[in-house]
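Residue-level structural notes
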Amino acid sequence: MSQDLISVIIPCYNLAGYTRTCIDSILNQTYKNLEIIAIDDGSTDETPWILAEFAKNDPRVVFKQQKNAGAGAASNLGIETAQGDFIAFVDNDDWIQPDMYEKLHTALISNHADMSVCNFNLVYENNTDYCYSAMRNETVDIRDDVYGYFCRFCACPKPNNYIWTRLYKADTIKKSGIRYEGFQLGADTLFNFKLLPHMNRVAFIKDGLYNYVQRENSSVYTMAKKKNIAKVYADGFDALADYYTSNGLADFCRVLQIHAYTRLRSIFFYSRLAGLKDAEIEANLKEAFRGRRIYDYLTGAVQ
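A brief report on the enclosed structure follows.

Within the chain one finds 13 helices and ten strands. Expressed as lengths along the three principal axes of its C-alpha atoms, the size of the chain is roughly 55 × 45 × 35 Å. Residues classed as buried in the chain amount to 54% of the 303 residues present. For the chain, the share of sequence-separated contacts (at least 6 apart) that also reach a separation of at least 24 residues comes to 80%.

Structure representation (C-alpha coordinates):
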(Lines give C-alpha, C1' and ligand atoms only; values in the text may rest on other atoms or scores of the structure.)
Protein backbone atom coordinates (compact mmCIF):
# COMPACT_ATOMS: atom_id res chain seq x y z
CA MET A 1 0.00 0.00 0.00
CA SER A 2 1.20 3.50 -0.79
CA GLN A 3 2.31 5.56 2.18
CA ASP A 4 0.67 8.69 0.79
CA LEU A 5 -2.12 9.90 3.07
CA ILE A 6 -5.32 11.23 1.50
CA SER A 7 -7.40 13.62 3.61
CA VAL A 8 -11.09 13.48 2.67
CA ILE A 9 -13.06 16.52 3.85
CA ILE A 10 -16.83 16.17 4.37
CA PRO A 11 -18.86 19.28 5.30
CA CYS A 12 -22.04 18.00 6.99
CA TYR A 13 -25.29 19.81 7.64
CA ASN A 14 -28.71 18.29 8.47
CA LEU A 15 -28.65 15.30 6.15
CA ALA A 16 -28.47 12.50 8.68
CA GLY A 17 -30.39 10.13 6.40
CA TYR A 18 -27.60 10.25 3.82
CA THR A 19 -24.51 10.58 6.00
CA ARG A 20 -23.96 6.92 6.93
CA THR A 21 -24.00 5.84 3.27
CA CYS A 22 -21.58 8.62 2.41
CA ILE A 23 -19.00 7.83 5.08
CA ASP A 24 -19.32 4.06 4.63
CA SER A 25 -18.45 4.50 0.94
CA ILE A 26 -15.24 6.30 1.94
CA LEU A 27 -14.27 3.85 4.70
CA ASN A 28 -14.71 0.98 2.23
CA GLN A 29 -12.28 2.40 -0.34
CA THR A 30 -9.70 0.05 -1.84
CA TYR A 31 -7.20 2.82 -0.98
CA LYS A 32 -6.97 2.47 2.80
CA ASN A 33 -4.53 5.18 3.91
CA LEU A 34 -7.21 7.81 4.51
CA GLU A 35 -7.92 10.58 6.96
CA ILE A 36 -11.65 11.38 6.93
CA ILE A 37 -12.38 14.85 8.31
CA ALA A 38 -16.11 15.08 9.01
CA ILE A 39 -17.17 18.59 9.99
CA ASP A 40 -20.61 19.23 11.45
CA ASP A 41 -21.77 22.71 10.45
CA GLY A 42 -24.21 23.27 13.32
CA SER A 43 -26.68 20.54 12.35
CA THR A 44 -29.97 20.33 14.24
CA ASP A 45 -30.68 16.68 13.37
CA GLU A 46 -28.81 13.49 14.30
CA THR A 47 -25.78 14.26 12.13
CA PRO A 48 -23.38 15.11 15.04
CA TRP A 49 -24.15 11.84 16.81
CA ILE A 50 -23.63 9.84 13.62
CA LEU A 51 -20.25 11.49 13.02
CA ALA A 52 -19.19 10.98 16.64
CA GLU A 53 -20.08 7.29 16.32
CA PHE A 54 -17.95 6.88 13.20
CA ALA A 55 -15.01 8.65 14.90
CA LYS A 56 -15.33 6.34 17.91
CA ASN A 57 -15.32 3.18 15.79
CA ASP A 58 -12.64 4.03 13.20
CA PRO A 59 -9.45 5.98 14.01
CA ARG A 60 -9.31 7.32 10.45
CA VAL A 61 -12.37 9.50 11.12
CA VAL A 62 -11.70 12.95 12.61
CA PHE A 63 -14.86 14.64 13.93
CA LYS A 64 -15.02 18.44 14.05
CA GLN A 65 -17.86 20.79 14.94
CA GLN A 66 -18.51 24.46 14.25
CA LYS A 67 -21.40 26.88 14.57
CA ASN A 68 -23.43 27.07 11.37
CA ALA A 69 -21.31 29.05 8.93
CA GLY A 70 -21.85 27.23 5.63
CA ALA A 71 -20.11 24.52 3.63
CA GLY A 72 -17.34 26.91 2.60
CA ALA A 73 -16.27 27.60 6.18
CA ALA A 74 -16.47 23.87 6.96
CA SER A 75 -14.31 23.06 3.93
CA ASN A 76 -11.73 25.64 5.00
CA LEU A 77 -11.61 24.16 8.50
CA GLY A 78 -11.02 20.79 6.84
CA ILE A 79 -8.13 22.20 4.79
CA GLU A 80 -6.49 23.64 7.90
CA THR A 81 -7.00 20.34 9.76
CA ALA A 82 -5.80 18.05 6.96
CA GLN A 83 -2.55 16.18 7.53
CA GLY A 84 -2.56 14.33 4.21
CA ASP A 85 -0.30 14.52 1.19
CA PHE A 86 -3.46 14.89 -0.90
CA ILE A 87 -6.87 16.44 -0.28
CA ALA A 88 -10.33 15.45 -1.52
CA PHE A 89 -13.85 16.65 -0.79
CA VAL A 90 -17.18 14.81 -0.57
CA ASP A 91 -20.69 16.20 0.04
CA ASN A 92 -22.43 14.29 2.80
CA ASP A 93 -25.53 13.46 0.74
CA ASP A 94 -23.41 11.78 -1.97
CA TRP A 95 -21.36 8.58 -2.12
CA ILE A 96 -18.37 7.32 -4.06
CA GLN A 97 -17.30 4.17 -5.91
CA PRO A 98 -14.99 1.79 -3.96
CA ASP A 99 -11.94 2.42 -6.17
CA MET A 100 -12.31 6.19 -6.61
CA TYR A 101 -9.27 7.29 -4.61
CA GLU A 102 -7.09 4.41 -5.77
CA LYS A 103 -7.71 5.42 -9.39
CA LEU A 104 -7.36 9.17 -8.75
CA HIS A 105 -4.12 8.66 -6.82
CA THR A 106 -2.66 6.39 -9.50
CA ALA A 107 -3.55 8.86 -12.26
CA LEU A 108 -2.06 11.80 -10.39
CA ILE A 109 1.21 10.06 -9.46
CA SER A 110 1.82 8.24 -12.74
CA ASN A 111 1.26 11.41 -14.78
CA HIS A 112 3.20 13.73 -12.45
CA ALA A 113 0.07 15.88 -12.18
CA ASP A 114 -0.98 18.50 -9.65
CA MET A 115 -4.57 17.30 -9.67
CA SER A 116 -6.59 14.36 -10.98
CA VAL A 117 -10.25 14.51 -12.01
CA CYS A 118 -12.80 11.72 -12.47
CA ASN A 119 -16.21 11.65 -14.11
CA PHE A 120 -19.43 11.55 -12.08
CA ASN A 121 -22.88 10.00 -12.16
CA LEU A 122 -26.13 11.89 -11.59
CA VAL A 123 -28.20 9.72 -9.23
CA TYR A 124 -31.96 10.33 -9.33
CA GLU A 125 -34.61 8.53 -7.32
CA ASN A 126 -35.52 6.16 -10.14
CA ASN A 127 -32.52 6.20 -12.47
CA THR A 128 -28.85 7.13 -12.85
CA ASP A 129 -27.20 9.17 -15.61
CA TYR A 130 -23.79 7.48 -15.76
CA CYS A 131 -20.56 9.27 -16.73
CA TYR A 132 -22.35 12.59 -17.09
CA SER A 133 -19.43 14.59 -18.51
CA ALA A 134 -17.74 13.79 -21.81
CA MET A 135 -14.27 12.79 -20.63
CA ARG A 136 -11.46 10.46 -21.62
CA ASN A 137 -8.30 9.23 -19.94
CA GLU A 138 -5.73 11.92 -20.67
CA THR A 139 -3.32 14.43 -19.19
CA VAL A 140 -3.51 18.16 -19.98
CA ASP A 141 -0.74 20.71 -19.52
CA ILE A 142 -2.72 23.80 -18.58
CA ARG A 143 -0.06 26.41 -19.15
CA ASP A 144 0.54 25.26 -22.72
CA ASP A 145 -2.94 26.41 -23.75
CA VAL A 146 -5.04 28.03 -21.03
CA TYR A 147 -7.62 29.27 -23.53
CA GLY A 148 -8.00 25.83 -25.08
CA TYR A 149 -8.35 24.24 -21.66
CA PHE A 150 -11.24 26.52 -20.73
CA CYS A 151 -12.95 26.10 -24.10
CA ARG A 152 -12.79 22.34 -23.91
CA PHE A 153 -13.43 21.61 -20.24
CA CYS A 154 -15.46 24.58 -19.01
CA ALA A 155 -17.51 25.81 -21.96
CA CYS A 156 -18.51 22.29 -22.99
CA PRO A 157 -22.18 21.20 -22.76
CA LYS A 158 -21.65 19.17 -19.57
CA PRO A 159 -18.72 20.69 -17.65
CA ASN A 160 -17.11 19.13 -14.59
CA ASN A 161 -15.90 21.92 -12.29
CA TYR A 162 -16.86 20.41 -8.94
CA ILE A 163 -14.37 20.06 -6.10
CA TRP A 164 -15.63 16.59 -5.20
CA THR A 165 -14.52 14.96 -8.48
CA ARG A 166 -10.90 15.91 -7.76
CA LEU A 167 -7.83 14.79 -5.85
CA TYR A 168 -5.50 17.72 -5.11
CA LYS A 169 -1.91 17.89 -3.95
CA ALA A 170 -2.24 19.29 -0.45
CA ASP A 171 0.81 21.53 -0.90
CA THR A 172 -0.76 23.12 -3.98
CA ILE A 173 -3.80 24.23 -2.01
CA LYS A 174 -1.99 25.25 1.16
CA LYS A 175 0.84 27.17 -0.52
CA SER A 176 -1.54 28.98 -2.89
CA GLY A 177 -3.55 30.46 -0.04
CA ILE A 178 -6.74 29.76 -2.02
CA ARG A 179 -9.68 28.95 0.18
CA TYR A 180 -13.34 28.23 -0.31
CA GLU A 181 -15.35 31.46 -0.43
CA GLY A 182 -18.82 32.08 0.94
CA PHE A 183 -20.75 32.20 -2.32
CA GLN A 184 -23.88 30.07 -2.20
CA LEU A 185 -23.62 29.09 -5.87
CA GLY A 186 -20.55 28.56 -8.01
CA ALA A 187 -18.15 28.37 -5.08
CA ASP A 188 -16.68 25.11 -6.41
CA THR A 189 -15.93 26.69 -9.76
CA LEU A 190 -14.41 29.78 -8.18
CA PHE A 191 -12.14 27.67 -5.95
CA ASN A 192 -10.95 25.53 -8.85
CA PHE A 193 -10.45 28.42 -11.27
CA LYS A 194 -8.45 30.44 -8.74
CA LEU A 195 -6.32 27.38 -8.05
CA LEU A 196 -5.57 26.60 -11.72
CA PRO A 197 -2.76 29.19 -12.13
CA HIS A 198 -0.91 27.35 -9.35
CA MET A 199 -0.93 24.09 -11.35
CA ASN A 200 0.88 22.79 -14.39
CA ARG A 201 -0.74 19.47 -15.22
CA VAL A 202 -4.14 17.82 -14.69
CA ALA A 203 -4.90 14.11 -15.19
CA PHE A 204 -8.42 13.11 -16.25
CA ILE A 205 -10.21 9.77 -15.77
CA LYS A 206 -13.23 8.88 -17.91
CA ASP A 207 -14.81 6.60 -15.25
CA GLY A 208 -17.81 7.86 -13.28
CA LEU A 209 -16.48 7.36 -9.74
CA TYR A 210 -18.50 9.98 -7.83
CA ASN A 211 -22.25 9.62 -7.31
CA TYR A 212 -23.97 13.01 -7.19
CA VAL A 213 -27.38 12.52 -5.60
CA GLN A 214 -30.14 14.74 -7.02
CA ARG A 215 -32.64 15.99 -4.42
CA GLU A 216 -35.65 18.20 -5.13
CA ASN A 217 -35.04 20.10 -1.88
CA SER A 218 -31.30 20.59 -2.40
CA SER A 219 -29.88 24.01 -1.62
CA VAL A 220 -29.29 24.98 -5.25
CA TYR A 221 -32.88 24.25 -6.28
CA THR A 222 -34.29 25.98 -3.22
CA MET A 223 -32.12 29.05 -3.68
CA ALA A 224 -33.05 29.44 -7.34
CA LYS A 225 -36.69 29.72 -6.28
CA LYS A 226 -36.09 32.27 -3.52
CA LYS A 227 -33.24 34.49 -4.73
CA ASN A 228 -31.96 36.26 -7.79
CA ILE A 229 -29.23 33.74 -8.51
CA ALA A 230 -27.91 35.94 -11.33
CA LYS A 231 -26.56 38.27 -8.64
CA VAL A 232 -24.87 35.39 -6.82
CA TYR A 233 -23.14 34.27 -10.01
CA ALA A 234 -22.18 37.86 -10.89
CA ASP A 235 -20.54 38.22 -7.46
CA GLY A 236 -18.51 35.06 -8.03
CA PHE A 237 -17.48 36.14 -11.52
CA ASP A 238 -16.27 39.52 -10.26
CA ALA A 239 -14.24 37.80 -7.54
CA LEU A 240 -12.48 35.63 -10.12
CA ALA A 241 -11.90 38.55 -12.49
CA ASP A 242 -10.43 40.58 -9.64
CA TYR A 243 -8.10 37.69 -8.71
CA TYR A 244 -6.80 37.16 -12.25
CA THR A 245 -6.39 40.89 -12.88
CA SER A 246 -4.74 41.80 -9.58
CA ASN A 247 -2.23 38.96 -9.94
CA GLY A 248 -1.28 39.87 -13.51
CA LEU A 249 -2.51 36.56 -14.93
CA ALA A 250 -2.93 37.77 -18.51
CA ASP A 251 -3.43 34.33 -20.07
CA PHE A 252 -6.18 33.57 -17.58
CA CYS A 253 -7.83 36.97 -18.06
CA ARG A 254 -8.32 36.01 -21.70
CA VAL A 255 -10.68 33.21 -20.70
CA LEU A 256 -13.04 35.41 -18.69
CA GLN A 257 -15.29 35.93 -21.71
CA ILE A 258 -15.74 32.15 -21.89
CA HIS A 259 -16.39 31.99 -18.17
CA ALA A 260 -18.98 34.79 -18.40
CA TYR A 261 -20.84 32.68 -20.96
CA THR A 262 -20.77 29.60 -18.70
CA ARG A 263 -22.14 31.65 -15.79
CA LEU A 264 -24.99 32.91 -17.97
CA ARG A 265 -25.73 29.34 -19.03
CA SER A 266 -25.85 28.20 -15.39
CA ILE A 267 -28.23 31.00 -14.47
CA PHE A 268 -30.68 29.95 -17.19
CA PHE A 269 -30.33 26.26 -16.29
CA TYR A 270 -31.04 26.60 -12.57
CA SER A 271 -33.66 29.32 -13.01
CA ARG A 272 -35.66 27.19 -15.42
CA LEU A 273 -35.21 24.19 -13.16
CA ALA A 274 -36.79 26.27 -10.39
CA GLY A 275 -39.77 27.05 -12.62
CA LEU A 276 -38.94 30.66 -13.53
CA LYS A 277 -40.29 31.99 -16.82
CA ASP A 278 -37.94 33.56 -19.36
CA ALA A 279 -39.35 37.03 -18.62
CA GLU A 280 -38.51 36.59 -14.93
CA ILE A 281 -35.00 35.39 -15.76
CA GLU A 282 -34.47 38.37 -18.07
CA ALA A 283 -35.58 40.78 -15.34
CA ASN A 284 -33.21 39.12 -12.85
CA LEU A 285 -30.32 39.40 -15.31
CA LYS A 286 -30.94 43.09 -15.92
CA GLU A 287 -31.04 43.76 -12.20
CA ALA A 288 -27.98 41.66 -11.37
CA PHE A 289 -25.69 42.53 -14.28
CA ARG A 290 -26.14 46.31 -14.33
CA GLY A 291 -22.71 47.91 -13.94
CA ARG A 292 -21.03 44.55 -13.33
CA ARG A 293 -17.88 43.15 -14.92
CA ILE A 294 -19.66 40.05 -16.16
CA TYR A 295 -21.82 42.29 -18.37
CA ASP A 296 -18.74 43.96 -19.81
CA TYR A 297 -17.22 40.61 -20.74
CA LEU A 298 -20.46 39.27 -22.23
CA THR A 299 -20.90 42.35 -24.42
CA GLY A 300 -17.27 42.52 -25.51
CA ALA A 301 -16.58 45.80 -23.69
CA VAL A 302 -13.58 44.00 -22.17
CA GLN A 303 -11.42 41.85 -24.45
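Next, the rest of the story.
Next up on the list: the pairing of strand β3 (residues 61-66). Pairing of strand β2 (residues 34-41) with β3, which is carried by six bridges, proceeds in the parallel orientation. Within the sheet, the bridge partner assigned to Asp-41 lies in β3 and is Gln-66. A crossover links β2 with its parallel partner β3, the connecting element being helix α2 (residues 47-57), and its sense is right-handed.

The geometry of helix α1 (residues 16-27) relative to α2 is characterised by a closest axis approach of 9 Å and an angle of 20 degrees between their N-to-C directions. Looking at the two axes, α1 sits roughly parallel to α2. The handedness of the crossing between α1 and α2 is right-handed. The segment α1 lies against α2, with Ala-16, Thr-19, Arg-20, Ile-23, Asp-24 and Leu-27 engaging Thr-47, Ile-50, Leu-51, Glu-53 and Phe-54. For the contact of α1 with α2, the per-class residue count stands at six nonpolar, two polar and three charged.

Turning to the packing of helix α9 (residues 229-246) against helix α11 (residues 256-273), a few remarks are in order. Relative orientation and spacing of two packed helices are given, respectively, by the angle between their axes and the distance between those axes. At their nearest, the axes of α9 and α11 sit 10 Å apart, and the two run at 165 degrees to each other. In terms of orientation, α9 and α11 fall into the roughly antiparallel class. Pair α9 / α11 crosses with right-handed handedness. Facing Ile-229, Ala-230, Tyr-233, Phe-237, Leu-240, Ala-241 and Tyr-244 of α9, the residues of α11 in contact are Leu-256, His-259, Ala-260, Arg-263, Ser-266, Ile-267, Tyr-270 and Ser-271. Here the residues of the contact of α9 with α11 are counted per class, giving eleven nonpolar, three polar and one charged.

Turning our attention to the pairing of strand β4 (residues 86-89). In β4, alternate side chains face the same way, and those of Phe-86 and Ala-88 on one face and Ile-87 and Phe-89 on the other are all buried. With four bridges joining them, strand β1 (residues 6-12) and β4 adopt parallel strand pairing. Across the sheet, residue Ile-6 finds its bridge partner in β4, namely Phe-86. As defined by bridge partners, β4 adjoins strand β9 (residues 166-169) across three bridges and the pair is classed as antiparallel. By the bridge assignment, Ile-87 is partnered in β9 with Tyr-168.

In this section: the packing of aromatic side chains. If you walk through the whole model with that rule in mind, you get 21 aromatic pairs. Both rings, one in Tyr-149 and one in Phe-150, keep their centres 5.9 Å apart while their planes meet at 75 degrees; by these two values the pair is edge-to-face. One exposure class covers both Tyr-149 and Phe-150, and it is buried. For the ring pair Tyr-180 and Phe-191, a centre distance of 6.0 Å and an interplane angle of 40 degrees mean the geometry is tilted. Of this pair, Tyr-180 sits in the loop between α6 (170-176) and α7 (187-195) while Phe-191 sits in helix α7, placing them eleven residues apart in sequence.

The next point concerns the environment of Ala-16. Here Ala-16 is to be found in helix α1. Non-local contacts of Ala-16, meaning those with residues more than four positions away in its chain, are made with Asp-45, Glu-46, Thr-47 and Ile-50.

The residue Gly-42 is located in the loop between β2 and α2 in this model. Taking relative accessible area as the criterion, Gly-42 reaches 23% and is therefore assigned partly exposed. Measuring from C-alpha to C-alpha, the distance between Gly-42 and Gln-66 comes to 5.9 Å, with 24 residues separating the pair along the chain. Setting aside residues no more than four positions away along its own chain, Gly-42 makes contact with Tyr-13, Gln-66, Lys-67 and Asn-68.

Time to look at α11. Look at α11: 25 Å from first C-alpha to last across 18 residues, which is about the 26 Å you get at 1.5 Å a residue. For α11, the complete set of buried residues consists of Leu-256, Ile-258, His-259, Ala-260, Thr-262, Arg-263, Ser-266, Ile-267, Tyr-270 and Ser-271. Among the residues trailing α11, Gly-275 stands out with phi positive, at a value near 90 degrees.

A positive phi angle, near 55 degrees, is found at Asn-14, a position not held by glycine. Of note, the phi angle at Cys-131 is positive, near 45 degrees, even though the residue is not glycine. Residue placement: Cys-131 occurs in the loop between β7 (128-129) and β8 (138-141). For Cys-131, a relative accessible area of 36% translates into the label partly exposed.

The rules behind the values
Residues numbered from 1 in each chain as written. Predicted model: local features only at pLDDT ≥ 70, side-chain atom pairs only at ≥ 80, totals over all residues. Heavy atoms only, no water. Helix = DSSP H or I, 4+ residues; strand = E, 2+ residues; numbered from the N terminus. Buried < 20%, exposed > 50% of the residue type's maximum accessible area, 1.4 Å probe, protein only. Contact = heavy atoms within 4.5 Å. Pairing = 2+ DSSP bridges. Right-handed = clockwise from strand over helix to strand, strands pointing away. Axes fitted to C-alpha atoms, helices over the stretch in contact; angles between N-to-C directions. Parallel < 35°, antiparallel > 145°, perpendicular 65-115°, else oblique. Left-handed = near helix turned anticlockwise from the far one by under 90°. Nonpolar A, V, L, I, M, F, W, Y, C, P; charged D, E, K, R; others polar. Phe/Tyr/Trp six-rings, centres within 6.5 Å; stacked < 30°, edge-to-face > 60°. Expected span 1.5 Å × (residues − 1).

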